[in-house]
Amino acid sequence: MTTSEISVSPRLSARQLARRRRVATWRRGWAQFRTHRSGMIGLGILVVFIGVALAAPLIASRSGLDVTRANGPVLGAPSGHYLLGTDENGRSVLTLLIWGSRISLLVGLMATLISMVIGTLVGLVSGFFPGWVGRIFFRLTEWFLVIPFLPLAIALATVLGRSLFNIILVIGVTSWPGTALLIRSQTLSIKERPYVERAQAIGAGRWHQMGKHVLPNVMPMVFANTTLTVAIAILSETTLSFLGLGDPTRTSWGTMLDDAFQVGAITTGCWWYIVPPGVCVVLVVLAFTLIGQALEEVLNPRLRSR
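Here's what I pulled together on the structure shown here. (Residues numbered from 1 in each chain as written. Predicted model: local features only at pLDDT ≥ 70, side-chain atom pairs only at ≥ 80, totals over all residues. Heavy atoms only, no water.)

### Considering the overall build of the protein chain
Right, so step 1: The helix and strand tally for the protein chain stands at 14 helices and 0 strands.
Right, so step 2: Start at the N end of the protein chain and walk to the C end: the helices and strands fall as α-α-α-α-α-α-α-α-α-α-α-α-α-α.
Right, so step 3: Projected onto its principal axes, the C-alpha coordinates of the protein chain cover approximately 75 × 50 × 35 Å.
Right, so step 4: Expressed as a percentage of its 306 residues, the buried residues of the protein chain come to 42%.
Right, so step 5: Long-range contacts, defined here as pairs at least 24 residues apart, represent 70% of the contacts in the protein chain between residues at least 6 apart. (Helix = DSSP H or I, 4+ residues; strand = E, 2+ residues; numbered from the N terminus. Buried < 20%, exposed > 50% of the residue type's maximum accessible area, 1.4 Å probe, protein only. Contact = heavy atoms within 4.5 Å.)

Here you go:
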């Protein structure tokens, strides 16, 4: 929004002006994002998978997940009736794949939400507050960074038990250190800027400065990092489920790979039981990665100027 556009609307309140500026910023960001071919390809792939997950009840009946109702051949090859073959229980692999997209995407998004909240809060506090408060949170971040992610996630999942909520919780509480480190570096840079110093000079408290001046300026980096973290969370869910730590009552791409491995689908040549969930995981992770890279370039002025 230009200065002339704002000046012709003198009756607008400060909140309305702020809302218009945000809308204009989102429009500019979307226009820049559309110029990234890789980002648009990733967005298209992601929209397809989200559409399949939301429309799962319309595409494939949920009764197809019930082992007692399965009437297909055991590990049957793809045919006209079973487009992607069947599993060891005679269930359609395509049905499992469609319903599995719901769990895999749900775990990825919810675990990322937990990770972003923890990482953003820890990064803000460790970067903005001086003294022992900031040092404690920074040392906590370093401690989590030193511990290997996968062994820690496996240990927590084993202790907490096999359930969907526990998998989400485990991935969320073990994948936040990278976000915290990124937000801390941004916070250290932003808190030295003139507008933050002016707010401090006129008596604004630390929480007011952090909430009104620092947090809005680090949110673009949080948003860009979210898409990259979702990809990591989906891979983590697939890994934990493949290791037998997923929810046995839920079908996900990871549990499909675990079941295929358990029945020896690799050695018996039943590729239709292994390849589809593996390809889906790769495509979704690739989609989020492409979107995250495009968003990072759009939201980071330094990368945009290269």
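### Some details on the packing of aromatic side chains
Right, so step 1: Throughout the structure, instances matching the rule amount to 7 aromatic pairs.
Right, so step 2: Aromatic side chains Phe 128 and Phe 129 sit 5.8 Å apart centroid to centroid with 80 degrees between the ring planes, which places their arrangement in the edge-to-face category.
Right, so step 3: Residue Phe 128 is classed as buried on the basis of its relative accessible area of 4%.
Right, so step 4: Overall, Phe 129 belongs to the buried group, its relative accessible area being 14%. (Phe/Tyr/Trp six-rings, centres within 6.5 Å; stacked < 30°, edge-to-face > 60°.)

### Focus on the packing of helix H12 (residues 253-262) against helix H13 (residues 275-299)
Right, so step 1: Between H12 and H13, the shortest axis-to-axis distance is 9 Å and the interhelical angle comes to 145 degrees. Pair H12 / H13 crosses with left-handed handedness. The segment H12 lies against H13, with Trp 253, Met 256 and Leu 257 engaging Pro 277, Gly 278, Cys 280, Val 281 and Val 284.
Right, so step 2: For the contact of H12 with H13, the per-class residue count stands at 7 nonpolar, 1 polar and no charged. (Axes fitted to C-alpha atoms, helices over the stretch in contact; angles between N-to-C directions. Left-handed = near helix turned anticlockwise from the far one by under 90°. Nonpolar A, V, L, I, M, F, W, Y, C, P; charged D, E, K, R; others polar.)

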